[in-house]
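# Structural features, examined
What follows is the residue order along each chain.
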Amino acid sequence: MSLADVVSSGLKSVSPVKIFEEVIDLLGAKDITEAGSRYLRLKLLETLVGEKWVRDIFTYFENPDLIESIAKPAAIPYHPRQLAGIYFKVMDKTVEASAYLGEEMGSEAIMEMISESMSSALESNYNAALQTILNVWRGSLPPDLSVAQAMGMRIDSVDTKYATSILAPTSALPYTILEALTQGANQRLQQLYTNLDNAYGELIAQKNAIMRSFLTAFSEFYLTLINDLVFDSIYFVERVENYANTACTIILERLTARLDDLNALEKRHNVNRVDDETYEIMLLEIQADIQALSETFDRIKTEVSNLISDYISVIDAISEDIKTLLLNYLADAESLVNTHVNSVVSAINSLTTVSDIKAKVKEIYERIRAYRECGFDYS
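Notes on the structure follow.

What counts and how
- Residues numbered from 1 in each chain as written.
- Predicted model: local features only at pLDDT ≥ 70, side-chain atom pairs only at ≥ 80, totals over all residues.
- Heavy atoms only, no water.
- Helix = DSSP H or I, 4+ residues; strand = E, 2+ residues; numbered from the N terminus.
- Buried < 20%, exposed > 50% of the residue type's maximum accessible area, 1.4 Å probe, protein only.
- Contact = heavy atoms within 4.5 Å.
- Areas by Shrake-Rupley, 256 points an atom, 1.4 Å probe, with all protein chains shown as cover.
- Phe/Tyr/Trp six-rings, centres within 6.5 Å; stacked < 30°, edge-to-face > 60°.
- Patch = residues over 30% accessible without salt bridge, like charges linked within 9 Å, V, L, I, M, F, W, Y side chains within 5 Å.
- Salt bridge = Lys/Arg side-chain N within 4 Å of Asp/Glu carboxyl O.
- Lys, Arg positive; Asp, Glu negative; His and termini not counted.
- Charge placed at Lys NZ, Arg CZ, Asp CG, Glu CD.
- Axes fitted to C-alpha atoms, helices over the stretch in contact; angles between N-to-C directions.
- Parallel < 35°, antiparallel > 145°, perpendicular 65-115°, else oblique.
- Nonpolar A, V, L, I, M, F, W, Y, C, P; charged D, E, K, R; others polar.
- Left-handed = near helix turned anticlockwise from the far one by under 90°.
- Expected span 1.5 Å × (residues − 1).
- Core = buried A, V, L, I, M, F, W, Y, C linked by side-chain atoms within 4.5 Å.

### A look at the overall build of the chain
When helices and strands are tallied, the chain shows twelve helices and zero strands. Counting from the amino terminus, the chain carries its helices and strands in the arrangement α-α-α-α-α-α-α-α-α-α-α-α. With 379 residues in all, the chain has 23% of them scored as buried. When contacts within the chain are restricted to residue pairs at least 6 apart in sequence, those whose partners lie at least 24 apart make up 71%. With an accessible surface of roughly 25800 Å², the chain has 58% of that area assigned to carbon and sulfur atoms.

Structural data, given as structure tokens:
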């Protein structure tokens, strides 16, 4: 059978009306007709109801009291009955638009417009009100990894069973949850140890400052005392010198006088104006006076030597007392600061937070791993 015969046989089996419709559709006349019809319907809707009809759709969202004036709950600006009323008002507009424009165009003109162009506008009011109501009774959004990290930042005060109940619904893998917990716990440890480290550093800086101030003050005090002792020593030497000069001057004067007496006696004896017996007696008297002056001079030397020795002993004692006093003050100040420093060091050394946090993190991880039946063993 030829191709012409096949086509002729097919045309005979189809009605002429159907063939006409297929030809019209093939030429695009049907699309033009439908487009013209939709345009006429749209103009009819615009002429009959106007743009206020469209604005009314938004008015219900803006002022739900137009639907039903009822007291709103404290949590949201919509009453649940108003939400239902808005739904039916939108459906009314949809059906009304379908009557003018046809079902497909009417439903898309309203519902698709609300779905697309109003989705963001309604997200924080109508949709949010509906979401708030549903979440009160059935809110079920699972936590994300930020919750695990936040819980790790206070892990030392969190119960492991409570932490497991919070983190088990998290969608991440067990070891990913472990990493988030570890990051938070590490920040917690840094917070704890940073405060102690800062306190330790501040105490050491204060100790150094106190030691420097003490040493500076003690140096100035010691120099002042040394200056006072030097001036006192000069004054002491001057007094001893004056005393020794006065004593020696008196002794020398008396020796000079006795020497003059001896010379005069010798001359008188040589000219026989003094007999031998008197001469001998007077020589003995002069000798006794000279001996007494010699003993006086020796006594003065001893006295001056003793004064100097005693003064030096007193100076040495004062210097030793000053040195002991300064060292004691310095030791007391250092001991006071060391007490605080040692308390901070003891607090750092006695911290068991690291091991406790490790144990808690591991326990939470093992519980989640047991739920999931997967994950690595880090024991």
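### Comments concerning the packing of aromatic side chains
Geometrically, a pair of aromatic rings is defined through the distance of the ring centres and the angle of the planes. Enumeration over the complete set of coordinates arrives at four aromatic pairs. Connected via pairs of aromatic rings, a cluster forms that spans Y175, Y365, F376 and Y378.

### Some thoughts on a negative patch on the surface
Residues D275, D276, E277 and E280 make up a contiguous surface patch of negative charge. Along the chain, D276 falls in helix α11 (residues 276-349). Among the residues examined, D276 registers a relative accessible area of 52% and is labelled exposed.

### Here's the deal with the packing of helix α10 (residues 174-270) against α11
Angle between the axes and distance between the axes: these two values describe a pair of packed helices. Two numbers describe how α10 lies on α11: the axes approach to 10 Å, and their chain directions differ by 180°. As the angle between them shows, α10 and α11 are arranged roughly antiparallel. Across the contact of α10 with α11, the residue classes tally to 49 nonpolar, six polar and twelve charged.

### Some points on the packing of α10 against helix α12 (residues 353-372)
Contact geometry for α10 and α12: axes closest at 10 Å, N-to-C directions at 165°. By the angle between their axes, α10 is roughly antiparallel relative to α12. In this structure, α10 crosses over α12, and the sense of that crossing is right-handed. Residues P174, Y175, I177, L178, L181, T182, A185, R188, L189, L192 and Y193 of α10 pack against T353, V354, I357, V361, I364, Y365, I368 and R372 of α12. Along the lines of polarity and charge, the residues of the contact of α10 with α12 split into 15 nonpolar, two polar and two charged.

### Details of the pattern of salt bridges
For the coordinates displayed, the defined rule picks out eight salt bridges. When the shortest N-O distance is used, the salt bridge between R367 and E363 registers 3.1 Å. One end of the pair is R367 and the other is E363, both in helix α12 and four residues apart, which spans about a single turn. Given a relative accessible area of 30%, R367 falls into the partly exposed group. The salt bridge partner of R369 is E366, with a shortest N-O separation of 3.0 Å. With R369 and E366 both in helix α12 and three residues apart, the pair spans about one turn of that helix. One network of salt bridges, with partners in common, ties together R258, D261 and D289.

### Let's talk about α10
The α-helix advances 3.6 residues per turn, and as a result positions three or four apart in sequence lie on the same side. Along its 97 residues, α10 runs 138 Å from first to last C-alpha, staying within 8% of the 144 Å computed at 1.5 Å per residue. Count one or two residues on from α10 and you reach N272, which has phi positive near 65°.

### Details of helix α7 (residues 126-138)
The terminal C-alpha atoms of α7, which comprises 13 residues, lie 18 Å apart, in line with the 18 Å expected from a rise of 1.5 Å per residue. All of the buried residues in α7 are Y126, A128 and A129.

### What to know about a nonpolar patch on the surface
Together, L173, Y175, F376 and Y378 make up a nonpolar patch on the protein surface, roughly 410 Å² of accessible area in all. Checked against the element boundaries, L173 lands in the loop between α9 (160-167) and α10.

### Concerning the environment of S233
Position of S233 relative to the elements: it lies in helix α10. A relative accessible area of 23% places S233 in the partly exposed class. Note: C-alpha distance between S233 and Y311 (78 residues apart in sequence) is 8.5 Å. Here S233 is in contact with Y311 and I315, once residues within four sequence places are set aside.

### Quick look at unusual backbone geometry
The backbone phi angle of E373 is positive, close to 60°, even though this residue is not glycine. Looking at the secondary structure, you find E373 in the segment after α12.

### A word on the nonpolar core
Of all hydrophobic cores here, the largest spans 18 residues; its most connected members are I155, L167, I177, L181, I357, V361 and I364. Contributions of two or more residues to this core are made by α8 (145-152), α9, α10 and α12. At six residues, the largest contribution of residues to this core is made by α10.

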